[in-house]
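Coordinate inspection notes
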Amino acid sequence: MQARLRDAREAGDEEAEARLSGVLARALAARGIEAREVLRLGERAFALGGDGALASDLSSWWASVGEPARAAAILQRVEGWASPEDRGAVRTRIGVLLARAGKAEEAAQAFESALQAATHDPLPAELLGTLRGWGAIRGERAARAFTEAAARRAAAGDVTGAFENSVRAFEACPSDPA
């Protein structure tokens, strides 16, 4: 595989190089070895025209080596490629990675965006509300997020989850009428 990759690189065949770099990166990652080489190959394949699946893998690889900001940046570059059904999940993942990187305000923006894209999923609202614990958002904003999550859980028939989110909304801001 490495010889074919070297041949493609020497021949200037970027399409073959991208494909082979991606295949080799995934093979090494599956074996759990040579993380630096996995990242190098993944980055090269992505730079030469990687797709959304490669971006997802590359993002996961960066996150696994403790680089959540870089992992988020990869997904941000391809977020527009996601299908409308997947866009909310991609934005939620970006928010989680940004939060892990300590970028709470950017994470809040990603969760807000995910709320718009995934109109039935309570998770982005719940994650947005938890940012209150970091002091990244005000209590009123957290209460509204948890109230939205409660409504989404209730609409899905999850009465227990709806109740828990209602309690979280009250705890986040007892004076908020939401």
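Whatever comes next refers back to the structure up there.
These lines cover the structure that appears in this document, whether it is placed above or below. Keep in mind the model is a prediction, meaning the values are calculated, not measured. Think of each chain on its own: its residues are numbered from 1, step by step along the sequence as written. Local features are withheld for residues below a pLDDT of 70 in this predicted model, meaning they are given only at 70 or higher, and side-chain atom pairs are given and counted only at 80 or more; totals for whole chains, interfaces and linings count all residues. Values shown for side chains rest on all heavy atoms present in the structure; no hydrogens or waters enter the calculation.

1. Remarks on the nonpolar core
Residues Phe46, Leu58, Leu128 and Leu131 are the most contacted members of the largest nonpolar core, which totals 44 residues. Only DSSP runs of H or I reaching four residues or more are called helices, and only runs of E reaching two or more are called strands; each is numbered from the N terminus. The leading source of residues in this core is helix H4 (residues 52–64), at six residues. Beyond its immediate stretch of four places on either side in the chain, Leu128 contacts Ala108, Phe111, Glu112, Leu115, Ile137, Arg141 and Ala145. Think of a nonpolar core as a cluster: buried Ala, Val, Leu, Ile, Met, Phe, Trp, Tyr and Cys residues, connected wherever their side-chain atoms sit within 4.5 Å. Accessibility here uses a 1.4 Å probe with only protein chains present; expressed as a share of the type maximum, an area under 20% marks a residue as buried, one over 50% as exposed, and anything in between as partly exposed. A contact between two residues is defined here by any heavy atoms of the two lying within 4.5 Å.

2. Side note on the environment of Ser166
When you line up the elements, Ser166 lands in helix H10 (residues 159–172). Judged by relative accessible area, Ser166 falls into the partly exposed class, the value being 39%. For the pair Ser166 and Ala11, spaced 155 residues apart in the sequence, the C-alpha separation amounts to 62 Å.

3. Observations regarding the layout of surface pockets
Taken as a whole, the largest pocket spans an internal volume of roughly 200 Å³. Element by element, the count of residues in the lining of the largest pocket is highest for H4, at four residues. Here a cavity denotes a set of grid points, spaced 1 Å apart and computed over the protein atoms alone, in which a 1.4 Å probe fits but from which it cannot get out, and a pocket denotes an open set meeting protein on both sides within 12 Å along at least five of seven lines; residues with an atom within 4 Å of a point are reported as lining. Grid points are joined across faces, edges and corners, and a volume is the space filled by probe spheres set on the points.

4. Re the packing of helix H9 (residues 139–155) against H10
The angle between two axes is taken between their N-to-C directions and runs from 0 to 180 degrees, where each axis is a line fitted to C-alpha atoms and a helix contributes only its stretch in contact. It is at 8 Å that the axes of H9 and H10 come closest, and there the two elements cross at 170 degrees. When the axis of H9 is compared with that of H10, the two are roughly antiparallel. Contact residues: Gly139, Ala142, Ala143, Phe146, Thr147, Ala149, Ala150, Arg153 and Ala154 in H9; Gly161, Ala162, Asn165, Ser166, Arg168, Ala169 and Ala172 in H10. All amino acids are sorted into three groups, where Ala, Val, Leu, Ile, Met, Phe, Trp, Tyr, Cys and Pro are nonpolar, Asp, Glu, Lys and Arg are charged, and the leftover types, Gly among them, are polar. Class assignment of the residues belonging to the contact of H9 with H10 gives a composition of nine nonpolar, five polar and two charged. Should an angle fall under 35 degrees it is taken as roughly parallel, and over 145 as roughly antiparallel, whereas 65 to 115 is taken as roughly perpendicular and any remaining angle as oblique.

5. Topic: the packing of helix H1 (residues 2–11) against helix H2 (residues 14–31)
Packed helix pairs are specified by the crossing angle of their axes together with the interaxial distance, meaning the distance between the axes. Interhelical geometry of H1 versus H2 gives an angle of 155 degrees and a closest axis separation of 9 Å. Put simply, H1 runs roughly antiparallel to H2. The way H1 lies across H2 gives a crossing that is left-handed. Here H1 contributes Gln2, Arg4, Leu5, Ala8 and Arg9 to the contact with H2, which in turn contributes Ala16, Glu17, Arg19, Leu20, Ser21 and Leu24. In terms of residue class, the contact of H1 with H2 is built from five nonpolar, two polar and four charged. The crossing is said to be left-handed when, going from far helix to near helix, the turn is anticlockwise and less than a right angle, and right-handed when the turn is clockwise.

6. As for unusual backbone geometry
Of note, the phi angle at Glu34 is positive, near 55 degrees, even though the residue is not glycine. With respect to the helices, strands and loops of the structure, Glu34 is situated in the loop between H2 and helix H3 (35–47).

7. Looking at H3
Under the convention used throughout, the expected extent of a helix is 1.5 Å for every residue step, that is, one less than its residue count. For H3, built from 13 residues, the straight-helix expectation of 18 Å at 1.5 Å per residue is met to within 8% by its first-to-last C-alpha distance of 18 Å. Restricting attention to buried positions, one finds in H3 the residues Val38, Leu39, Leu41, Gly42, Ala45 and Phe46. In the core, the buried residues of H3 are packed alongside H1, H2, H4 and helix H5 (68–78). At the C-terminal side of H3, Gly49 shows a positive phi close to 120 degrees.

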